[in-house]
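Each chain is listed here by its residues.
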There are 2 protein chains.
Amino acid sequence: MKTKQAIEEKKFKLTSARKELLAILNKAEKPISYEDIKNRLSMDKATFYRNISKFEEENIVKSFESNDKKRYYEVQISSHAHFICNTCNKIECLSNISPIELKGYNITDMIFKGVCKNCS
Amino acid sequence: MKTKQAIEEKKFKLTSARKELLAILNKAEKPISYEDIKNRLSMDKATFYRNISKFEEENIVKSFESNDKKRYYEVQISSHAHFICNTCNKIECLSNISPIELKGYNITDMIFKGVCKNCS
DNA sequence: TTTTAAATGCGACTAAGTTGCAATTAAGTC
DNA sequence: GACTTAATTGCAACTTAGTCGCATTTAAAA
Ligand SMILES: [Mn+2]
Ligand SMILES: [Mn+2]
Ligand SMILES: [Zn+2]
Ligand SMILES: [Zn+2]
């Protein structure tokens, strides 16, 4: 677990805000935005953003921007692609897609957009 | 050309602001943001966004959000994938990538992220 | 228990994009 | 070419996700 490793290497202090945030991130089954969880958070908005950035620096979390101008975060366990619905903005994790090979590029993320089952 | 068609179908008036914007879009070789071209534009910010949205409704233009919280626009000629560098935020058009097939999904756009040649 | 750098909450701020409204203009009709 | 009118425009005010400075608090090492 990356988290434990980062703490052991003294990359950051394990505060109650960070425990709370890590718990939420670990339970989540898809990427989440601040908006998605703000009601469940006891920490301030600034604290959320500072911590999630910290987690990202330590490679505990990955993120991307969606269609709705919001940033979505998820724990970095297995690398996988994402699908974003252009109609309802729903985000799905795609586990079974093998990474594209493209000479001269080091591709780390793939995002597919289109229309989801519900919306078509 | 979609533009001509849209005008002939009287979907919109061909104002000088729209001529200017279409000229810039047609010359561009990669997706552009408002920021990228604002110095070259004689129209107001609001006019830019209203017109580019109109073009998108009429399927003359396509857009996506990048890493930098900005929306990027390009004329919709041939459908192709894009690469976004996570380090320098540069956007490249990828012409030679065949669209992914995924059952249950209607995928219209593909975005790859990673590190570009310059940055790696 | 004491120390101290790291982390927090709060309020003010930034920046991309949106909106209401009064003034302007494209384009159809004569 | 002048007349008419709905579409378009510029401007200023607004919205909203995210950032920042600073005084206060806290994790964790000594
Ligand atoms: Mn995922
Ligand atoms: Mn392109
Ligand atoms: Zn959908
Ligand atoms: Zn780069």
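Okay, so let's go over this structure. (Residues numbered from 1 in each chain as written. Chains lettered and ligands numbered in written order. Predicted model: local features only at pLDDT ≥ 70, side-chain atom pairs only at ≥ 80, totals over all residues. Heavy atoms only, no water.)

Looking only at helices and strands, chain A has four helices and five strands in total. In sequence order, the secondary structure elements of chain A are arranged as α-α-α-α-β-β-β-β-β. Along the first, second and third principal axes, the C-alpha set of chain A runs to 45 × 35 × 20 Å. Taking all 120 residues of chain A together, the buried fraction comes to 43%. Summed over all atoms, the accessible surface of chain A reaches about 7,100 Å², with 46% contributed by carbon and sulfur. Treating the 22 positive side-chain charges of chain A as one cloud and the 16 negative ones as another, the clouds have centres 2 Å apart. (Helix = DSSP H or I, 4+ residues; strand = E, 2+ residues; numbered from the N terminus. Buried < 20%, exposed > 50% of the residue type's maximum accessible area, 1.4 Å probe, protein only. Areas by Shrake-Rupley, 256 points an atom, 1.4 Å probe, with all protein chains shown as cover. Lys, Arg positive; Asp, Glu negative; His and termini not counted. Charge placed at Lys NZ, Arg CZ, Asp CG, Glu CD.)

The next subject is helix 4 (residues 45–57) of chain B. In an α-helix, one turn spans 3.6 residues, which is why side chains three or four residues apart end up on the same side. Residues and elements named next belong to chain B. Taking 1.5 Å of rise per residue, the 13 residues of helix 4 would be expected to cover 18 Å, and the 18 Å separating its terminal C-alpha atoms lies within 8% of that figure. When helix 4 is considered as a whole, its buried residues turn out to be F48, N51, I52 and F55. Here the buried residues of helix 4 occupy an arc of 100° about the axis, which is enough to place them on one side. With respect to the buried face of helix 4, the exposed residues turned more than 90 degrees away are R50 and E57. Lining the buried residues of helix 4 we find helix 2 (16–27), helix 3 (34–37), strand 1 (61–65) and strand 2 (71–75). Of the residues that open helix 4, the one with a side-chain oxygen 2.9 Å from the backbone nitrogen of A46 is D44. Phi turns positive one or two residues past the end of helix 4, at N59, with a value near 60°. (Expected span 1.5 Å × (residues − 1). Arc of directions from axis to C-beta. Contact = heavy atoms within 4.5 Å. Polar contact = N/O pair within 3.5 Å; in protein donor to acceptor, adjacent residues only side chain to side chain.)

This part covers the coordination of the zinc ion (ligand 4). Residues and elements named next belong to chain B. Those donors, C85 (SG), C88 (SG), C116 (SG) and C119 (SG), are the protein atoms that reach the zinc ion (ligand 4), and they lie 2.2 to 2.4 Å from it. Taken together, the four donor atoms surrounding the zinc ion (ligand 4) define angles of 103 to 117° at the centre, an arrangement classified as tetrahedral. Every donor residue of the zinc ion (ligand 4) comes from the same chain, spaced as C-x2-C-x27-C-x2-C. Of the two residues, C85 is situated in strand 3 (residues 81–85) and C116 in the segment after strand 5 (106–115); the sequence distance between them amounts to 31 residues. Judged by relative accessible area, which is 0%, C85 ranks as buried. (Donors = N, O, S within 2.8 Å, 3.2 Å for Na, K, Ca; no water. Tetrahedral: all angles 85-135°; square planar, octahedral: opposite > 155°, others 65-115°.)

Right, let's talk about the coordination of the manganese ion (ligand 2) for a bit. Put simply, a metal with four donors set out as a tetrahedron has ideal angles of 109.5 degrees, and one with six donors set out as an octahedron has ideal angles of 90 or 180 degrees. All names here are of chain B. The protein atoms that coordinate the manganese ion (ligand 2) are E74 (OE), E74 (OE), H80 (NE2), H82 (NE2) and C93 (SG), at distances spanning 2.1 to 2.6 Å. Coordination of the manganese ion (ligand 2) draws on donor residues from a single chain, spaced E-x5-H-x1-H-x10-C in sequence. An identical accessibility class is assigned to H80 and H82; each is buried.

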